[in-house]
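# Per-entry structural report
Residue-level listing of the chains:
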Amino acid sequence: MPEKLWKDRNLIVTRVLLELHKIAKADGSFVVEESLLSLKLKNEWTTANTYFAEFMEQSVVVTGDMNDCYKKETVYEAYINFCARMECKNRKKYEPLSLPALAKKIVESCGGAGGSKKKPQIWGL
């Protein structure tokens, strides 16, 4: 196998350069778009292994009302406590989302984030 790769090295390098040319921008940078399938699979896997879906289903009521407002840290603390309870109950160790990732998933699933850098909030919960 190594001999075949060595023999075809020029073809391989040419193919790589042609593909790189397709994704190169005018300024010389490269942008590799993540495929929809990849995004879907990543979302399914990370959601399934973080208790996010269970947390949203069992602990969160989405009202859609901007007056129903909670600090991101408060929602995150509730999420971490929920994960700890679920781990004890199910005896499965899952990796909780980070605060930014949790806030992003909440916004993606039901909308509603705002506030400022000093007072970030999740509304409509």
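Look a little higher up for the structure.
A few points on the structure. Since we're looking at a predicted model, the values are computed, not measured.

## Focus on the overall build of the protein
From N to C terminus, the protein includes six helices and three strands. When the helices and strands of the protein are listed from N to C terminus, the series reads α-α-α-α-β-α-α-β-β. With 125 residues in all, the protein has 22% of them scored as buried. When the accessible surface of the protein is split by element, carbon and sulfur atoms take 60% of a total near 9,700 Å².

## Quick word on the pattern of salt bridges
One pass over the full model with this rule turns up four salt bridges. Where aspartate 8 meets lysine 4, a salt bridge forms, and the shortest distance between an N and an O atom there is 2.7 Å. According to the relative accessible area criterion, lysine 4 is exposed, its value standing at 51%. Glutamate 108 is paired through a salt bridge with lysine 104; the nearest N and O atoms lie 4.0 Å apart. One end of the pair is glutamate 108 and the other is lysine 104, both in helix H6 (residues 99–110) and four residues apart, which spans about a single turn. Just as glutamate 108 is exposed, lysine 104 falls in that class too. Sharing partners across several salt bridges, the network here consists of Arg15, Glu19 and Lys22.

## Focus: helix H5 (residues 72–90)
For the α-helix, the turn length of 3.6 residues means that residues three or four positions removed from each other point alike. Between the first and last C-alpha of H5 there are 26 Å, a value that for 19 residues agrees with the 27 Å anticipated at 1.5 Å per step. Taken together, the buried positions of H5 are occupied by Lys72, Val75, Tyr79, Phe82, Cys83, Met86 and Glu87. With its buried residues spanning 135° around the axis, H5 presents them on a single face. Along H5, exposed side chains directed more than 90 degrees from the buried face belong to Glu77, Arg85 and Cys88. Immediately downstream of H5, the backbone of arginine 91 shows phi near 55°, a positive value.

## A few points about helix H4 (residues 52–59)
If you check which residues of H4 are buried, you get Phe52, Phe55 and Met56. One face of H4 carries all of its buried residues, which in axial projection span an arc of 95°.

## Describing a nonpolar patch on the surface
Side chains of Met1, Leu5, Ile12, Val13, Val16, Leu17, Leu20 and Phe30 sit close together on the surface and give an oily, nonpolar patch of about 760 Å² of accessible area. Sorting elements by how many residues they give to the nonpolar patch places helix H2 (residues 9–23) first, with five residues. On the accessibility criterion, leucine 17 (53% relative accessible area) is exposed.

## Quick notes on the nonpolar core
Formed by 14 residues in total, the largest nonpolar core has its most connected members in Tyr51, Phe52, Phe55, Met56, Tyr79, Leu102 and Ile106. For this core, the elements supplying multiple residues, two or more each, are H4, H5 and H6. Sort the elements by how many residues they give to this core and H5 lands first, with five residues.

What counts and how
- Residues numbered from 1 in each chain as written.
- Predicted model: local features only at pLDDT ≥ 70, side-chain atom pairs only at ≥ 80, totals over all residues.
- Heavy atoms only, no water.
- Helix = DSSP H or I, 4+ residues; strand = E, 2+ residues; numbered from the N terminus.
- Buried < 20%, exposed > 50% of the residue type's maximum accessible area, 1.4 Å probe, protein only.
- Areas by Shrake-Rupley, 256 points an atom, 1.4 Å probe, with all protein chains shown as cover.
- Salt bridge = Lys/Arg side-chain N within 4 Å of Asp/Glu carboxyl O.
- Expected span 1.5 Å × (residues − 1).
- Arc of directions from axis to C-beta.
- Patch = residues over 30% accessible without salt bridge, like charges linked within 9 Å, V, L, I, M, F, W, Y side chains within 5 Å.
- Core = buried A, V, L, I, M, F, W, Y, C linked by side-chain atoms within 4.5 Å.

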